[in-house]
Amino acid sequence: QVRLVESGGGLVQAGGSLRLSCVASGRPFGSYAVGWFRQAPGKEREFVAAITWNGGTTWYEDSVKGRFTISRDNAKNTANLQMTTLNSDDTAVYYCAADRLRSGPTAKYDLWGPGTQVTVSS
């Protein structure tokens, strides 16, 4: 199966930007839809963004619309999440996930990376 590893997290001031990457290995990546999720301390995991296998359709959670952009480069086996205008509510562990059959916020997503921490300071 595909293995996913996130990178690009770190500490950033409010109003700043970060670019997260998800690198896939083990199988061709182009057949999988990708989603980004996050989980803040003491809170449930929530959907952030998703993209179809060929990048033709994207979905965003309302709170990140206009600030975050999901993209992918199948030739490099990567999916990215460009995050701008970050605020304290964006502090969380961010995970990428993949689904071979479905796409969007309600896909099965049973393939997950280990996560990368994003911390937004005042």
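This text goes with the structure placed above it.
Not measured: the values here are computed from a predicted model.

## Observations concerning the sheet that holds strand E3 (residues 18–25)
Ordered in space as E1-E3-E8-E7, the four strands form an open sheet in which the pairing is antiparallel. Looking at strand neighbours, the two that pair on one side only are strand E1 (3–7) and strand E7 (68–73), the edges of this open sheet. Each neighbouring strand pair of the sheet contributes to a mean axis angle of 15 degrees, computed without reference to strand direction. With five bridges joining them, E1 and E3 adopt antiparallel strand pairing. In the sheet register, Arg3 faces E3, and the bridge partner there is Ser25.

## Points about the pattern of salt bridges
With the rule as written, the count across this model stands at six salt bridges. Residue Arg38 pairs with Asp90 through a salt bridge whose shortest N-O separation is 2.9 Å. Here Arg38, found in strand E4 (residues 33–39), pairs with Asp90, found in the loop between strand E8 (78–83) and strand E9 (92–99); they are 52 residues apart in sequence, far enough to count as distant. Assigned by exposure class, Arg38 and Asp90 land together as buried. A salt bridge links Asp99 to Arg102, with the shortest nitrogen-to-oxygen separation between them at 3.8 Å. Given a relative accessible area of 3%, Asp99 falls into the buried group. Residue classification places Arg102 among the partly exposed residues on the basis of a relative accessible area of 39%.

## Examining the environment of Val93
With respect to the secondary-structure elements, Val93 resides in strand E9. Exposure remark for Val93: the relative accessible area of 21% places this residue in the partly exposed category. Taking C-alpha positions, Val93 is 8.5 Å from Gly9, a pair spaced 84 residues apart along the chain.

## Focus on the nonpolar core
In this structure, Leu4, Trp36, Val48, Phe68, Leu81, Met83 and Tyr94 are the most contacted members of the largest nonpolar core, which totals 29 residues. Contributing elements (two or more residues each) for this core: E3, E4, strand E5 (46–51), E7, E8, E9 and strand E11 (116–121). Filtering out sequence-adjacent residues up to four positions away, Val48 remains in contact with Trp36, Phe37, Arg38, Trp59, Tyr60, Glu61, Val64, Phe68, Leu81 and Tyr94. Listed in part, the six residues of the second largest apolar core include Phe47, Ala50, Ala107 and Tyr109.

## Some thoughts on the packing of aromatic side chains
Throughout the structure, instances matching the rule amount to four aromatic pairs. Their ring planes at 75 degrees and their centres at 5.7 Å tell us that Phe37 and Phe47 sit as a pair that is edge-to-face. Of this pair, Phe37 sits in strand E4 while Phe47 sits in strand E5, placing them ten residues apart in sequence. Phe37 gets classed as buried once you look at its relative accessible area, which sits at 6%. Taking relative accessible area as the criterion, Phe47 reaches 15% and is therefore assigned buried.

Quick notes on the rules
Residues numbered from 1 in each chain as written. Predicted model: local features only at pLDDT ≥ 70, side-chain atom pairs only at ≥ 80, totals over all residues. Heavy atoms only, no water. Pairing = 2+ DSSP bridges. Helix = DSSP H or I, 4+ residues; strand = E, 2+ residues; numbered from the N terminus. Axes fitted to C-alpha atoms, helices over the stretch in contact; angles between N-to-C directions. Salt bridge = Lys/Arg side-chain N within 4 Å of Asp/Glu carboxyl O. Buried < 20%, exposed > 50% of the residue type's maximum accessible area, 1.4 Å probe, protein only. Core = buried A, V, L, I, M, F, W, Y, C linked by side-chain atoms within 4.5 Å. Contact = heavy atoms within 4.5 Å. Phe/Tyr/Trp six-rings, centres within 6.5 Å; stacked < 30°, edge-to-face > 60°.

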